[in-house]
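Structure at a glance
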Amino acid sequence: MTADSTDRVGGAGLLEMRGISKSFGPARVLDAVDLVLQPGEVVGLMGANGAGKSTLIKILAGVYVADSGRISLAGEEVDSLAGHPDVGIVHQDLGLIDSQTVLDNIRLGARRLSWLGPLLDRQGEIRAAQRALAAVDMADVSVFERLGNLTAGQKALVAIARLLERGARIVVVDETTASLPPRDARWFLAKLREATARGTAVVMVSHKLAEIRSTADRLVVLSDGRVVADAPIAELTDDERLARLLFGGDAEKAAHDAVRTEVEPGATVLALEGVVAGGAGPVDLELRRGEVVGLSGRVGSGVHELALAAAGMVAPDAGRIATDGSPRRAVLPPQREVDGVFAELPTGWNMTIAALPRWRGVGRLLRLGRERAAAEAMVRRLQVVPPDLDQAIGSLSGGNQQKALFARAMLREPDVLVLCEPTRGVDLRTRREIYRLIGELKRDGCALLVATSDVEDALAVCDRIGTINDGQVSAWWDAEQVTDTTLAEML
Amino acid sequence: MKTRQAQSETGPAAAPADDGGAPPRRGLPLVPLIAPAAFLAVLVGYALWLGGDFLDGNTRILDLHQNAPVLLIALGLVICLIAGQFDLSVASMATLTAFLSVGLMTKQGWPPAVALFACLAVAVAGGLFNALLVVGLRVNAFIATLGSGGVFLGIAAVYSDGTSLIPDAGNDPGTLPSWFAGPESLTSFQTKAPTVVVVVLIAVLVGLLLLTGFERARTSRGRTLVAAGCALLAAVALAIFVLGDVEVPWTVVLLLGVTFGLWVLMHYSTLGRHLYAVGGNALAARLAGVRANRSTTFVFVMAAVLAGLAGVVLGGNQGAASPGAATPYLLPAFAAGFLSTVLFSDGRFHVWGTLLGGFLIITVAQGLVAGGVPFTWNDVINGLVLIGAVAFQSFFSGDRGARRSRRRARAAEA
């Protein structure tokens with residue numbers, strides 16, 4: 001085995017993955033992917049949604065086993081990375097407990113350090129936690145501090161310290177910075193960079209090119225399950241080409257064109273006047289029939305709260321929402337697992353819940369046959385799989401759940417449709433279908449507001465895009481004039 | 001139940017996966033068979049053990065009659081459970097209205113209609129009180145209703161000076177009307193509903209099965225099966241009623257009527273669907289435009305009103321009230337509610353499932369008593385049934401089942 005593993009990139013890496021493939025059913029999610037990590041190296045991993053990033057990370061974490069390909073860890077071949085403490089992952093939500101101390105968070109789930117039988121070796125644990133903090137250059141923070149008192153950047157670093165203390169030599173940072181305020185994100189990345197001086201390798205998954213540029217040594221770009229670029233950052237100077245690689249280029253343009261059929265905007269149905277919500281604003285915004293307006297901002301920037309306020313689902317902290325008459329409003333919630341689906345209820349009920357009065361008959365009782373027919377028509381139109389209205393929606397894949405939620409909003413026959421992260425976690429095909437549906441709704445005279453942290457979404461469907469930075473709409477862009485890179489750099 | 005079997009044959013077949021994968025299946029394909037199988041097993045098992053007398057219709061109807069208050073409480077409770085709430089105060093509310101219904105008519109000498117209206121008002125107020133705690137003050141429902149249950153039971157004790165309330169015909173300013181308590185009354189087993197009511201009842205119930213069956217079965221073969229099953233069921237019911245000389249007391253008519261009403265509410269009304277939604281995911285329900293607080297208030301009032309009705313039935317039945325009379329009803333009521341998630345409908349709480357679940361528990365307990373097991377074992381059985389139902393449900397349709405069927409769905413999709 002050692003003979004094969006030394007054929008490239010200057011000798012045996014800390015981790016070498018060669019020809020990794022993974023399929024789910026007939027869908028090939030990863031196709032002969034190579035990923036080599038050297039000690040002390042920061043590798044940026046980018047790719048559009050559905051490109052295979054999360055599958056690759058799950059193989060790294062040992063959650064999935066690759067169908068084919070070889071993995072060697074420090075020169076030793078392994079079947080799967082499951083059970084190896086050498087690879088650690090930090091997700092966006094960090095997985096820490098605010099109400100506990102830094103010490104307890106670092107020791108959480110670790111092997112018990114003790115020579116005292118059933119009793120904990122408290123002193124030993126304190127020393128171990130202090131060592132862990134020192135390893136990420138955070139020795140100035142007391143291990144007895146409550147985690148909740150730390151800044152967002154410090155918390156993220158505690159999560160890293162926890163992995164290092166567990167013996168991780170490879171740390172995967174999975175969009176951890178997406179929910180950090182910009183200053184914390186920069187601080188965190190600088191500290192992370194320093195921590196690699198001790199030989200830790202970092203895989204950094206991010207949608208932000210600027211961040212990768214400033215932190216990573218090398219960039220790997222995945223597209224449709226293949227590595228389409230793998231080069232040192234210094235060599236990647238052509239932003240336009242990179243953006244095309246990242247955002248799928250021509251394929252996306254097709255969807256874009258389909259949606260961008262010219263529709264003359266009609267009357268204003270809803271207007272935000274100085275609205276403040278979720279720490280963002282004040283925002284002034286008019287929604288007109290036959291127009292798609294985008295609000296683009298990071299998760300946690302307040303973009304979703306503004307959208308929900310526009311949809312009439314939460315009261316704004318300040319300002320006023322003026323409507324022309326009483327337009328019917330529907331919303332696609334930002335996090336379908338949390339605020340979207342009723343996981344245990346049938347798919348059909350999930351679809352019709354927001355539009356039930358449509359099927360009321362004698363004595364205000366529901367005409368179930370008509371309800372069912374309407375839901376079935378939607379299932380066919382959106383190609384929900386499996387097309388079974390009675391199955392609990394929780395058993396559907398994420399993309400199909402998203403379609404069902406889209407159906408819920410459409411069945412309401414809204415005048416104003418507010419879409420939060422319309423393509424979150426859906427594959428490329430579904431994404432295109434959703435873009436197409438947005439185009440159809442637009443033609444039918446619906447006023448749409450798309451609140452998204454996904455640059456692709458904003459570019460593909462919106463006529464006007466407002467970008468939210470530090471709680472303010474920093475600029476309004478006419479979609480025709482925006483390029484991928486300008487927007488990507490802004491976020 | 002016959003219709004459910006028919007559905008399981010026609011349902012998935014009517015909806016083949018168009019991507020060439022495996023046809024979609026539910027987490028537990030045998031679910032529709034659980035209720036009939038459970039009843040069959042219990043009845044046949046007991047018949048073999050105790051002899052054919054156990055199958056006597058009138059005895060089983062007597063079980064239903066005696067347990068009408070438990071089942072009414074369970075029906076209110078299941079509405080609460082559907083909306084994702086808990087109500088531990090229902091048994092105490094039933095005790096309170098048992099005291100009030102008997103006491104207000106006799107010791108206070110109020111006209112019966114006024115006394116019953118007062119009971120209704122107390123129940124509504126109690127439900128609103130619970131809703132205020134849970135919705136308004138955001139107290140966890142478990143704690144809120146544990147506390148309010150103490151309050152209701154306490155008020156009953158204060159009202160009766162902590163002793164049993166027994167009407168004293170000579171000295172009380174009022175008496176219990178003969179339609180309310182006593183052998184001639186509507187709450188007595190002796191007073192049977194006329195034949196026409198029973199026939200109408202059977203017709204309505206079979207019609208209901210036919211309706212739900214037709215909603216689902218869309219192939220003509222499926223409809224034929226449903227229709228045949230319903231006809232068979234109607235024939236069996238009528239045969240039992242006519243040939244078995246079974247008579248139905250008014251309490252059982254009330255029980256079936258209430259269940260029917262609740263089923264219409266849950267199945268055919270916007271409110272019912274909203275309750276399921278709020279119970280499924282309150283946040284998502286709000287974002288779908290459901291007024292979750294209103295729904296939650298409704299379920300607490302509903303649970304309290306049905307518990308109040310249970311107390312009134314209990315008071316009439318006994319013609320007296322004793323401290324904590326309804327307290328032992330809480331456990332079997334919960335057991336019946338949770339049994340409905342197993343018996344009937346794919347992991348969801350269900351109105352008819354609760355009635356059947358309650359009936360099943362009662363039958364099991366009665367059989368043991370008839371077989372010589374001391375009645376003191378009842379709560380052991382109730383407790384085990386409650387735990388068993390919940391464990392069964394979470395084992396098969398919880399994480400495991402969901403994950404399994406999700407995997408299947410993915411395979412079908414790909």
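What you see is a predicted model, and the numbers here were worked out from it, not measured in a lab. (Residues numbered from 1 in each chain as written. Chains lettered and ligands numbered in written order. Predicted model: local features only at pLDDT ≥ 70, side-chain atom pairs only at ≥ 80, totals over all residues.)

Section: the overall build of chain A
Each helix and strand in chain A was counted, giving 17 helices and 19 strands. Sorting the 491 residues of chain A into buried and exposed places 50% on the buried side. Looking at chain A alone, contacts between residues at least 24 apart form 70% of all its contacts between residues at least 6 apart. (Helix = DSSP H or I, 4+ residues; strand = E, 2+ residues; numbered from the N terminus. Buried ≥ 20, exposed ≤ 12 C-beta atoms within 10 Å, placed from the backbone. Contact = placed C-beta atoms within 7 Å.)

Considering the overall build of chain B
Secondary structure summary: chain B contains 17 helices and 0 strands in total. Expressed as a percentage of its 414 residues, the buried residues of chain B come to 46%. Across chain B, the fraction of contacts at a sequence separation of at least 24, relative to all contacts at a separation of at least 6, is 76%.

A look at the packing of helix α4 (residues 122-135) of chain A against helix α5 (residues 152-165) of chain A
Residues and elements named next belong to chain A. Across the interface, α4 lies against α5 with an axial gap of 8 Å and an inter-helix angle of 115°. α4 and α5 meet at a crossing whose hand is right-handed. Contacts from Ala 128, Ala 132, Leu 133 and Ala 135 in α4 reach Ala 161, Arg 162, Leu 164 and Glu 165 in α5. Here the residues of the contact of α4 with α5 sort into 6 nonpolar, no polar and 2 charged. (Axes fitted to C-alpha atoms, helices over the stretch in contact; angles between N-to-C directions. Left-handed = near helix turned anticlockwise from the far one by under 90°. Nonpolar A, V, L, I, M, F, W, Y, C, P; charged D, E, K, R; others polar.)

Side note on the nonpolar core
Formed by 184 residues in total, the largest nonpolar core has its most connected members in Leu306(A), Ala307(A), Leu448(A), Leu72(B), Ile73(B), Ala94(B) and Ala303(B). Per-element tally for this core: the top contributor is helix α13 (residues 292-318) of chain B, with 16 residues. When residues of this core are assigned to domains, at least three map to each of domain 2 (250-328 + 414-491) and domain 3 (341-412) of chain A. Judged by nonpolar contacts, the second largest core, of 68 residues, contains Val102(A), Ala129(A), Ile160(A) and Val172(A). (Core = buried A, V, L, I, M, F, W, Y, C linked by C-beta atoms within 7 Å. Domains from an automatic or database assignment.)

Examining unusual backbone geometry
All names here are of chain A. Residue Pro 386 follows Val 385 across a cis peptide bond; omega there is -5°. With respect to the element layout, Pro 386 can be found in the loop between α13 (368-382) and α14 (398-411). Its identity is not glycine, yet Asp 224 carries a phi of approximately 50°, on the positive side. With respect to the helices, strands and loops of the structure, Asp 224 is situated in the loop between β9 (218-223) and β10 (226-232).

What to know about helix α2 (residues 53-60) of chain A
Residue and element names in this part refer to chain A. If you check which residues of α2 are buried, you get Lys 53, Thr 55, Leu 56, Ile 59 and Leu 60. Projected down its long axis, α2 carries its buried residues within an arc of 170°, all on one side. At the C-terminal side of α2, Gly 62 shows a positive phi close to 80°. (Arc of directions from axis to C-beta.)

Observations concerning the environment of Gly383(B)
Mapped onto the elements of the fold, Gly383(B) is located in helix α16 (residues 378-397). With 52 residues separating them in the primary sequence, Gly383(B) and Leu331(B) have C-alpha atoms 6.9 Å apart.

Concerning the environment of Ala139(A)
Residues and elements named next belong to chain A. Here Ala 139 is to be found in the loop between α4 and α5. Classification of Ala 139 by C-beta neighbours within 10 Å gives partly exposed; the count is 13. Sequence separation of Ala 139 and Ala 129 is 10 residues, and the distance between their C-alpha atoms is 9.8 Å.

Details of the sheet that holds strand β5 (residues 76-78) of chain A
All names here are of chain A. The 4 strands are arranged β2-β1-β4-β5 in an open sheet whose pairing can be described as antiparallel. Where the open sheet ends on each side, the last strands, each with one partner, are β2 (27-37) and β5. Pairwise comparison of adjacent strand axes, ignoring direction, gives a mean angle of 30° for this sheet. As paired elements, strand β1 (residues 15-24) and strand β4 (residues 68-73) share 5 bridges and run antiparallel to each other. By the bridge assignment for β4, Leu 15 is matched with Leu 73. Along the sheet, α2 contacts β1 and β2; its crossing angle with β2, the most-contacted strand, is approximately 60°. (Pairing = 2+ DSSP bridges.)

Thoughts on the pairing of strand β13 (residues 291-296) of chain A
All names here are of chain A. β13 sits mainly inside the fold: 6 of its 6 residues count as buried. Of the two faces of β13, the one carrying Glu 291, Val 293 and Leu 295 and the one carrying Val 292, Gly 294 and Ser 296 are both buried. Strand direction decides the pairing type here: β13 and strand β17 (residues 447-452), joined by 6 bridges, are parallel. Paired with Ser 296 across the two strands is Thr 452, which belongs to β17. The sheet contact formed by β13 and strand β18 (residues 464-469) spans 4 bridges and is parallel.

Details of the sheet that holds β18(A)
All names here are of chain A. Taken in spatial order, the 6 strands make up an open sheet running β15-β16-β17-β13-β18-β19, and their pairing is mixed. Looking at strand neighbours, the two that pair on one side only are β15 (329-332) and β19 (472-478), the edges of this open sheet. For this sheet the average axis-to-axis angle between neighbouring strands, irrespective of direction, equals 15°. Here helix α10 (residues 303-310) sits on the sheet and contacts β13, β15, β16 (416-420), β17 and β18; the angle it forms with β17, its principal contact strand, is near 155°. Each of β15 and β16 is contacted by α14, which is oriented at about 175° to β15, the strand it contacts most.

Quick word on the pairing of strand β3 (residues 42-47) of chain A
Residues and elements named next belong to chain A. The element β3 is extensively covered by neighbouring structure, given that 6 of its 6 residues are classed as buried. Side chains of β3 alternate between two faces, with Val 42, Gly 44 and Met 46 and Val 43, Leu 45 and Gly 47 buried alike. Strand direction decides the pairing type here: β3 and β9, joined by 5 bridges, are parallel. In the strand pairing of β9, Leu 45 is matched with Val 220.

Points about the confidence of the model for chain A
As a note on interpretation, predicted positions should not be read in detail where pLDDT is low. With 89% of its residues at a pLDDT of 70 or more, chain A has an overall mean of 83. Mean pLDDT values for the elements of chain A range from 39 in helix α1 (residues 2-5) of chain A up to 95 in helix α12 (residues 347-352) of chain A. (pLDDT = per-residue confidence, 0-100.)

Some thoughts on the confidence of the model for chain B
Residues and elements named next belong to chain B. Summing up the model confidence of chain B, the mean pLDDT is 84 and the portion of residues at 70 or higher is 86%. Confidence drops under a pLDDT of 50 for residues 1-29, and excluding neighbours within four residues, the segment shows 77 contacts in the predicted structure. Predicted complex metrics record ipTM = 0.82 and pTM = 0.79.

What to know about helix α7 (residues 141-159) of chain B
All names here are of chain B. Between its first and last C-alpha, α7 extends 26 Å over 19 residues, near the 27 Å set by a 1.5 Å rise per residue. Turning to α7, the residues buried within the fold contact α5 (90-106) and α6 (112-136). Immediately downstream of α7, the backbone of Asp 161 shows phi near 55°, a positive value. (Expected span 1.5 Å × (residues − 1).)

Details of the packing of helix α3 (residues 57-66) of chain B against helix α10 (residues 250-268) of chain B
Residues and elements named next belong to chain B. Their axes nearest at 9 Å, the elements α3 and α10 cross at an angle of 70°. What the angle tells us is that α3 and α10 run roughly perpendicular. The handedness of the crossing between α3 and α10 is left-handed. Residues Ile 61, Leu 64 and His 65 of α3 touch α10, and the partners they reach there are Thr 251, Val 252 and Leu 255. (Parallel < 35°, antiparallel > 145°, perpendicular 65-115°, else oblique.)

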